[in-house]
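Survey of secondary and tertiary structure
Chain residues, written in single-letter form:
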Amino acid sequence: MTRTLNQLAASLLLTAALIVPTHAQNSADPVSAPVAATQPAPAATPARARNVILFLADAAGVSTINAASLLGYGEPLKLHIQQWPHLGLSETSPVDKFVSDSANGMSSIVTGVKTRNGVISQNADAVRGQRDGAPTKSVLEYAEEHGLMTAVITTQSIADATPAAIYAHSNDRGKWGEIFPQAFTPRFGDGVDILFGAGRAKIGEQLTAAGTGFDQLSQAHNRPIYADLAAVPATNTRPVVVGDRMDVHAATLKALDLLQQAPEGYFLVVEWDAHTDDVRKGLQNVVDFDRLIAEVQGRVDLTDTLLLFTADHSFGLQVDGGARGGELLAGYDAWKASGSKDDVVRLENVMINRTHTGEEVAALAIGAGADRVRGYFPNTHLFDVMMQAYGWDRDAAE
Ligand SMILES: [Zn+2]
């Protein structure tokens, strides 16, 4: 059903030969100048995607991506995602402030509607913790409506703001007891098909406080909620795993095995935390995430799949010293041993202001529909990029 890049190249060569036979016959390279001069250049990538994968590195601003390459490879521009052809700068602020939290940041990306910090996929009429705004429809909900398979995977609590914005709506990101059960009471389709995340203990507490629990939800919706990836039987094609922690590498590959059998295509979101409060941990997370992304790219067909990488907001990290061949994080071990809780961390070559920051974050893309990612834009544009890749229109009411 899908065409490989080789097939596309072959058909291009055939077209070239048919259109300009004299040039083609005389040229060792039939795709060179004569064809380009007489024919409009073919699109570098197909405009339509069957599948979209959104990789969300939470808090990975441009400087974090740079530093991750320096930590992982000792040189800039060595991450896999830094080889992708399409790049834009995505502006992340909420409607009323300069700096975003994860709730507004992710809600804006997946629903195309900016809102207020703390609010999960409701419009800006919401008052955090007090009043609901209208729910804003996420790409996952559109995908469910269109009969695709959907999946959300995260290193963090599956009820935390970033994953929650994809499958739930709430006026307060802290209300895990009302957020998590929404995975089982979808507004469209049969709801999120694959849910792999962490946070089991704290979600369990909040479910109890809300008068329910993992067992009650499992029984009410006839859907087991496993505590470990390894516990999922091979026959379960819509698995839910909420663990104490989540191996996102294993989870993503397991999800892909299921998603790639979806007859209508799929929508997958993978979140990996990249806050650099602990700079070594945060940067290593980006390096590991990048390796996973390279592995995923090797398993998909870019002629029918869009891969998108971005962050929900930036973070106050700067590399302001250091030399090639030297140690980027000199002084880290002493800082770690000190147990310091200071907001500003001053290492030899790196300064970390341990808070979210307002500048734009990178959006990187490859595959079908990727060339719509370019220039500066509000993060809500990424919703349009995903919708246009699928060929879907936003509901008129939104
Ligand atoms: Zn975040």
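Residues numbered from 1 in each chain as written. Predicted model: local features only at pLDDT ≥ 70, side-chain atom pairs only at ≥ 80, totals over all residues.

Re helix α12 (residues 279-297)
Helix length check: α12 (19 residues) gives 27 Å between terminal C-alpha atoms against 27 Å at 1.5 Å per residue, within 8%. Within the span of α12, buried status applies to Val279, Gly282, Leu283, Asn285, Val286, Phe289, Asp290, Ile293 and Val296. Taken around the axis of α12, the buried residues stretch over an arc of 145°, which confines them to a single face. (Helix = DSSP H or I, 4+ residues; strand = E, 2+ residues; numbered from the N terminus. Expected span 1.5 Å × (residues − 1). Buried ≥ 20, exposed ≤ 12 C-beta atoms within 10 Å, placed from the backbone. Arc of directions from axis to C-beta.)

Focus: the sheet that holds strand β5 (residues 225-226)
Taken together, the 10 strands give an open sheet; going across it, the order is β5-β6-β4-β3-β7-β1-β8-β12-β2-β13, and neighbouring strands pair in mixed fashion. Sheet topology places β5 and β13 (375-378) at the edges, where each strand pairs with a single neighbour. The sheet strands contacting α12 are β1 (51-58), β7 (266-273) and β8 (305-310), and the helix crosses β1 at an angle near 170°. (Pairing = 2+ DSSP bridges. Contact = placed C-beta atoms within 7 Å. Axes fitted to C-alpha atoms, helices over the stretch in contact; angles between N-to-C directions.)

Section: the pairing of strand β2 (residues 86-91)
Along β2, the buried face is formed by His86, Gly88 and Ser90; none of Leu87, Leu89 and Glu91, which line the opposite face, is buried. Bridge count between β2 and strand β12 (residues 361-367): five bridges; the pairing is antiparallel. Residue pairing for β12: Leu89 is matched across the bridge by Ala362. Across four bridges, the pairing between β2 and β13 is parallel. Counterpart to Gly88 in the pairing with β13 is Gly375.

Side note on the environment of Val192
Note on placement: Val192 falls in the loop between α8 (176-179) and β4 (194-198). Overall, Val192 belongs to the buried group, with 28 C-beta atoms counted inside 10 Å. Expressed as a C-alpha distance, the spacing of Val192 and Met149, which sit 43 residues apart in the sequence, is 7.6 Å. If we ignore the near neighbours within four places in the chain, the residues touching Val192 are Leu140, Thr150, Ala151, Val152, Tyr167 and Ala183.

Quick notes on the confidence of the model for the protein
With 89% of its residues at a pLDDT of at least 70, the protein reaches an overall mean of 91. This stretch, residues 1-38, has a pLDDT under 50; its non-local contacts, to residues over four places away or in other chains, come to 31 contacts. (pLDDT = per-residue confidence, 0-100.)

Brief notes about the sheet that holds strand β10 (residues 344-346)
Note: strands within a sheet are paired through backbone hydrogen bonds, in either parallel or antiparallel orientation. Reading across from one edge, β9-β11-β10 is the order of the three strands in this open sheet, with antiparallel pairing throughout. The outermost strands of the open sheet, each flanked by one partner alone, are β9 (314-319) and β10. When strand polarity is set aside, the average angle formed by the axes of neighbouring strands in this sheet is 15°. Of the pairings in the sheet, the one linking β9 to strand β11 (residues 350-357) comprises six bridges and is antiparallel in character. Note on β11: the bridge partner recorded for Ser314 is Thr357. Taken strand by strand, helix α4 (residues 62-73) contacts β9 and β11, and its axis lies near 45° from that of β9.

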